[in-house]
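# Structural description and commentary
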Amino acid sequence: MITNHIIRGEAEKVKNILLSLGNMIEKKAEQVSVLVGLAWLEGLYHLYLQHGLKSEADKLSVKIIGLGEKRTFELKKIETSIEIPKKELDEFLNKLTEGDIETVLGRIALYYISRKNDIVKQLKDLSQSTPLSFLFARKIQDHRGRVIASVGPLEEDLDGNIIYQISQNMSFSAFFLRDTIKILINKFSLNTESIVSYLLASPIFEKIRKDFLVKGIKAYLADDFLVALHILIPQIEASIRNLAEKIGTPILKPSRSGGFHYKNLDDLLTDKNIISVLGEDMCLYLRVLLSDPRGWNLRNNVCHGISPIETFNQMAADRVFHVLLCLALVKEEKDRCLNIP
């Protein structure tokens, strides 16, 4: 009894010391640069949680959000440009869209998927030319300045750096994907009906979801990206869940209410059975685009109402359309096995 009383007393002392320290840190954080202040408050936040001060941590999180938003105004936009000779670009696009429609659709789908081995080599080359940029952790923030993920030094966090680099490469190649899709649509006179028919030829796109696909593709072709992304992203998740069911992969997990939840998209894309059908590179690409906070994370940002209106743009919509082409490659073989030819 005496021992418990002493322990409670010591815990109370630790709490008071932490709160005093916290007050000092919060005041100092207002006097330094936003970047430094954020780092201090984030460290204090985790310290509070570590010692059971959840209420204090919750209050601090409000300040972190506010300071994060302030930091976004301090950041300066840096732009770079490169020149690509029109002749070279035309030759590249013509080669990519050469052949019959089935061949071209498959070629485009596979071309714009990053290869993990290539990314590892790219990171190795970059780390040799700019070594300092890979020695420190990088924090990834959303549009409000909220830290949503971190990528560690290359030697400690290869997977994180791979995802981050794929994300960067996707932004760079968006221009080429845009022109490729434009030529594809014009060359084969693609419309909503022909695109949806192509998608439904794959068994992982359910016929009962045809109306969703029709409305989503129609909006995409009309440049109504706000509508297209809200409709098509859930259909991608539904098709992957359908794939999981068809190959016997569990899609349910128990809920706290005694029922079942569907597994989330990232859980499915890291399942070995899904990877065996789609391939490691495609699953990684889908995760970077849809479900990993170190990447574009479109599925989570859109479905949880996080994305600001300006992110519902051509670049995001083109990537979602490209993913549909990728998933349409899944075919059912004679032995009832699903695979990508």
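Residues numbered from 1 in each chain as written. Predicted model: local features only at pLDDT ≥ 70, side-chain atom pairs only at ≥ 80, totals over all residues. Heavy atoms only, no water.

### A look at the packing of aromatic side chains
- Tallied over the entire structure, the rule returns seven aromatic pairs.
- Here the aromatic rings of phenylalanine 172 and phenylalanine 176 are separated by 6.0 Å at their centres, their planes lie at 55°, and the arrangement is tilted. Within this pair, phenylalanine 172 and its partner phenylalanine 176 are both found in helix H7 (residues 158–187), separated by four residues, close to a single helical turn.
- The exposure class assigned to phenylalanine 176 is buried, which follows from its relative accessible area of 15%.
- Their ring planes at 20° and their centres at 4.9 Å tell us that tyrosine 220 and phenylalanine 321 sit as a pair that is stacked. One end of the pair, tyrosine 220, is in helix H9 (residues 210–221); the other, phenylalanine 321, is in helix H15 (residues 314–327), with 101 residues separating them in the sequence. (Phe/Tyr/Trp six-rings, centres within 6.5 Å; stacked < 30°, edge-to-face > 60°. Helix = DSSP H or I, 4+ residues; strand = E, 2+ residues; numbered from the N terminus. Buried < 20%, exposed > 50% of the residue type's maximum accessible area, 1.4 Å probe, protein only.)

### Quick notes on the side chain of serine 307
- For serine 307, the position within the fold is in the loop between helix H14 (298–303) and H15.
- On the basis of relative accessible area, serine 307 is assigned to the buried category, the value being 18%.
- If sequence neighbours within four positions are ignored, serine 307 has contacts with Asn301, Val302 and Phe312. (Contact = heavy atoms within 4.5 Å.)

### So, H9
- When the terminal C-alpha atoms of H9 are compared, their 16 Å separation across 12 residues agrees well with the 16 Å that a helix rising 1.5 Å per residue should span.
- Turning to H9, the residues buried within the fold contact H7, helix H8 (192–200), helix H10 (225–246) and H15.
- In the stretch just after H9, aspartate 223 is the one whose phi turns positive, near 65°. (Expected span 1.5 Å × (residues − 1).)

### Description of a nonpolar patch on the surface
- There is a patch of nonpolar side chains on the surface, built from Leu132, Leu135 and Phe136 and spanning about 360 Å² of accessible area.
- Inspection of the secondary structure assignment puts leucine 132 in the loop between helix H6 (116–129) and strand E1 (138–141).
- Overall, leucine 132 belongs to the exposed group, its relative accessible area being 61%. (Patch = residues over 30% accessible without salt bridge, like charges linked within 9 Å, V, L, I, M, F, W, Y side chains within 5 Å. Areas by Shrake-Rupley, 256 points an atom, 1.4 Å probe, with all protein chains shown as cover. Salt bridge = Lys/Arg side-chain N within 4 Å of Asp/Glu carboxyl O.)

### Here we look at the pattern of salt bridges
- Under the counting rule described, the total for this entry stands at 10 salt bridges.
- Its salt-bridge partner being glutamate 206, residue arginine 209 comes within 3.7 Å of it at the nearest N-O pair.
- Assessed through its relative accessible area of 29%, glutamate 206 is described here as partly exposed.
- One continuous salt-bridge network, built from bridges that share partners, spans Asp266, Arg287, Asp292 and Arg294.

### Examining the pairing of E1
- One ladder, built from four bridges, connects E1 with strand E2 (residues 147–151); its direction is antiparallel. Among the inter-strand pairings, arginine 138 is bridged to a residue of E2, identified as valine 151.
- Hairpin geometry of E1 and E2 is characterised by an intervening segment of five residues between the two adjacent antiparallel strands and by a positive phi of about 85° at glycine 145. (Pairing = 2+ DSSP bridges.)

### Some points on unusual backbone geometry
- Even without being a glycine, aspartate 223 presents a positive backbone phi close to 65°.
- Position of aspartate 223 relative to the elements: it lies in the loop between H9 and H10.
- On the basis of relative accessible area, aspartate 223 is assigned to the partly exposed category, the value being 49%.
- Not every positive phi belongs to a glycine, and asparagine 297 is a case in point at roughly 55°.
- Structurally, asparagine 297 can be placed in the loop between helix H13 (280–290) and H14.

### Regarding the nonpolar core
- In terms of nonpolar packing, the biggest core is built from 76 residues, with Phe205, Leu278, Leu286 and Leu327 touching the most fellow members.
- The residues touching leucine 278, leaving out its near neighbours within four places in the chain, are Leu243, Cys283, Leu286, Leu327, Val330 and Ile340. (Core = buried A, V, L, I, M, F, W, Y, C linked by side-chain atoms within 4.5 Å.)

### Let's talk about the packing of H10 against H15
- Two numbers describe how H10 lies on H15: the axes approach to 10 Å, and their chain directions differ by 30°. By the angle between their axes, H10 is roughly parallel relative to H15. Regarding H10 and H15, the two cross each other, and that crossing is left-handed. Residue-level contacts link Phe225, Leu229, Leu232, Ile233, Ile236, Ser239 and Ile240 of H10 to Gln314, Ala316, Ala317, Val320, Val323, Leu324 and Leu327 of H15.
- For the contact of H10 with H15, the class distribution of residues is 12 nonpolar, two polar and no charged. (Axes fitted to C-alpha atoms, helices over the stretch in contact; angles between N-to-C directions. Parallel < 35°, antiparallel > 145°, perpendicular 65-115°, else oblique. Left-handed = near helix turned anticlockwise from the far one by under 90°. Nonpolar A, V, L, I, M, F, W, Y, C, P; charged D, E, K, R; others polar.)

### A closer look at helix H4 (residues 86–96)
- For H4, the full list of buried residues reads Leu89, Leu93 and Leu96. In a view along the axis of H4, the buried residues occupy a sector of 60°, so they form one face of it. Away from its buried face, by an angle of more than 90 degrees, H4 presents the exposed residues Lys87 and Lys95. (Arc of directions from axis to C-beta.)

### Quick notes on the side chain of serine 167
- Position of serine 167 among the secondary structure elements: in helix H7.
- By relative accessible area, which is 7% here, serine 167 ends up buried.
- At a separation of 3.3 Å, a polar atom in the side chain of serine 167 contacts the side chain of tryptophan 296.
- Leaving out residues up to four positions away in the same chain, serine 167 has contacts with Val288, Arg294, Gly295 and Trp296. (Polar contact = N/O pair within 3.5 Å; in protein donor to acceptor, adjacent residues only side chain to side chain.)

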